[in-house]
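# Observations on the three-dimensional arrangement
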Amino acid sequence: KAGVTQTPRYLIKTRGQQVTLSCSPISGHRSVSWYQQTPGQGLQFLFEYFSETQRNKGNFPGRFSGRQFSNSRSEMNVSTLELGDSALYLCASSPSGFGEQYFGPGTRLTVT
Amino acid sequence: DQQVKQNSPSLSVQEGRISILNCDYTNSMFDYFLWYKKYPAEGPTFLISISSIKDKNEDGRFTVFLNKSAKHLSLHIVPSQPGDSAVYFCAASPLNRDDKIIFGKGTRLHILP
């Protein structure tokens, strides 16, 4: 099976712009979670989608949003980018959302 | 409020010796724990897990120990190899399977030659 893929791998944006990141889960996986990784902060949970519904949400401002399509592919959007949004954004999929998750390589977002 | 804590940001261990990575949690509703390993420029990969009904789980060179009363788990790597140099994340999953998995901040392990 193909692994989790994320596009793009690298992105440079300017403050105030918006960005959309994409994640294709492993075939058959219905749960997709998004995480933000910054130095010293570990993996901070953004949200989880299961069968096109947001099932869980982390403590991030409303500028961060996401959605999941009927084929389980997911997108994450960040509006009005701030310098502090510079991070590695990781997507993970699993069959049910419980237990082992399979991570993609991440999208490195740099906001200047 | 950090529910999963990895208090050592980094750890250096001689090649061939035992590496012990520690993790503490505060929420007694967690009942399934996982360890992930992450290399630079890659996503984390699953290493080993343990259910709260067990106190030990072993997979090759990797063993995870769970002390429920102390709300503490540890990952032992024996013997440590150069390829083990990476960031290790501890994660905890709650009883409510619809609730989110919580990750610690990670411990960077350096294996010294």
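These notes cover the structure that comes with them. All residue numbers refer to positions counted from 1 along the written sequence of the respective chain. Lettering for chains starts from A, numbering for ligands starts from 1, and both go in the order in which the items are written. Given that this is a predicted model, residues contribute local features only at a pLDDT of at least 70 and side-chain atom pairs are listed and counted only at 80 or more, while totals for whole chains, interfaces and linings are drawn from all residues. Values reported for side chains reflect all heavy atoms of the structure, with hydrogen atoms and water molecules removed beforehand.

This brings us to the interface of chain B and chain A. We call two residues in contact whenever any of their non-hydrogen atoms come within 4.5 Å of each other. Listed by partner, the interface residues are 19 residues for chain B and 22 residues for chain A. Buried area adds together the accessible area that both of two parts lose upon being put together, with accessible area traced by a 1.4 Å probe. Taken together, both faces of the contact between chain B and chain A bury some 1700 Å²; the carbon and sulfur share is 59%. We count a salt bridge whenever a side-chain nitrogen from Lys or Arg sits within 4 Å of a carboxyl oxygen from Asp or Glu. One can count zero salt bridges joining chain B with chain A. For this analysis, a polar contact is any N or O atom pair within 3.5 Å, provided that within protein one partner can donate a hydrogen and the other can accept it, and provided that sequence-adjacent residues contribute only side-chain to side-chain pairs. Put simply, chain B and chain A have two residue pairs in polar contact (both at pLDDT 80 or more) between them. Each helix is a run of DSSP H or I of at least 4 residues and each strand a run of E of at least 2, with the numbering of both proceeding from the N terminus. Take the side of chain B that touches chain A: its biggest share by element is four residues, from strand β4 (residues 30-38) of chain B. Each residue is assigned to one class: nonpolar for Ala, Val, Leu, Ile, Met, Phe, Trp, Tyr, Cys and Pro, charged for Asp, Glu, Lys and Arg, and polar for all the others, Gly among them. Of the residues contributing to the side of chain B that touches chain A, the split by class is nine nonpolar, three polar and seven charged.

What follows covers unusual backbone geometry. Excluding glycine, most residues fall at negative phi; most peptide bonds, likewise, are trans. Of note, the amide linkage connecting A:Thr7 to A:Pro8 takes the cis form, showing an omega dihedral of -10°. Summarising the element assignment, A:Pro8 is placed in the loop between β1 (5-7) and β2 (10-13). For the bond from B:Val78 to B:Pro79, the omega torsion is -15°, close enough to zero to count as cis. Locating B:Pro79 in the fold gives a position in the loop between β8 (72-77) and β9 (86-94). Its identity is not glycine, yet B:Lys71 carries a phi of approximately 50°, on the positive side.

On to the pairing of strand β6 (residues 53-57) of chain A. Residues and elements named next belong to chain A. Being paired, for any two strands, means DSSP has found at least two bridges between them. Bridge analysis of strand β5 (residues 42-50) against β6 gives four bridges, and the strand direction is antiparallel. Looking across to β6, one finds that Phe50 is bridged to Thr53. Counting the residues between successive antiparallel strands, the hairpin from β5 to β6 contains two residues, one of them, Ser51, with a positive phi of roughly 50°.

Another point: the nonpolar core. Side-chain atoms within 4.5 Å link the members of a nonpolar core, which is a set of buried Ala, Val, Leu, Ile, Met, Phe, Trp, Tyr and Cys residues. Buried means the residue's accessible area, taken with a 1.4 Å probe over protein chains only, is under 20% of the maximum for its type, while exposed means over 50%, and partly exposed covers the values in between. The biggest cluster of nonpolar side chains holds 24 residues, and the ones touching the most others in it are B:Phe33, B:Trp35, B:Leu73, B:Leu75 and B:Tyr88. For this core, the elements supplying multiple residues, two or more each, are β3 (19-25), β4, β5 (45-51), β7 (62-67), β8, β9 and β11 (107-112) of chain B. Of all the elements, β9(B) adds the most residues to this core, at four residues. Listed in part, the 21 residues of the second largest apolar core include A:Leu11, A:Trp34, A:Cys91 and A:Val111.

Let's shift gears to the sheet that holds strand β7 (residues 64-68) of chain A. Residue and element names in this part refer to chain A. Across the sheet, which stays open at both edges, the four strands sit in the order β1-β3-β8-β7 with antiparallel pairing between neighbours. Both edges of this open sheet fall to β1 and β7, since each of them pairs with a single strand only. Looking at each pair of strands side by side, their axes are set apart by 20° on average, direction ignored. Summarising the sheet, β7 and strand β8 (residues 74-78) pair through five bridges and their orientation is antiparallel. If you follow Ser65 over to β8, its bridge partner there is Asn77. Throughout, an axis means a line fitted to C-alpha atoms (over the contacting stretch in the case of helices), and angles, computed between N-to-C directions, take values from 0 to 180 degrees.

A word on the pairing of β7(B). In the case of a regular strand, side chains alternate between the two sheet surfaces. Residues and elements named next belong to chain B. Here strand β6 (residues 56-59) runs beside β7; their pairing, made up of four bridges, is antiparallel. Each residue of the ladder has a partner; that of Asn57, found in β7, is Val64. Between the end of β6 and the start of β7, which pair antiparallel, lie two residues, with Gly60 showing a positive phi angle near 65°. The pairing of β7 with β8 spans six bridges and is classified as antiparallel. Looking at the pairing, Phe65 lines up with Ser74 of β8. Linking β7 to β8, which pair antiparallel, is a turn of four residues; within it Lys71 sits at a positive phi near 50°.

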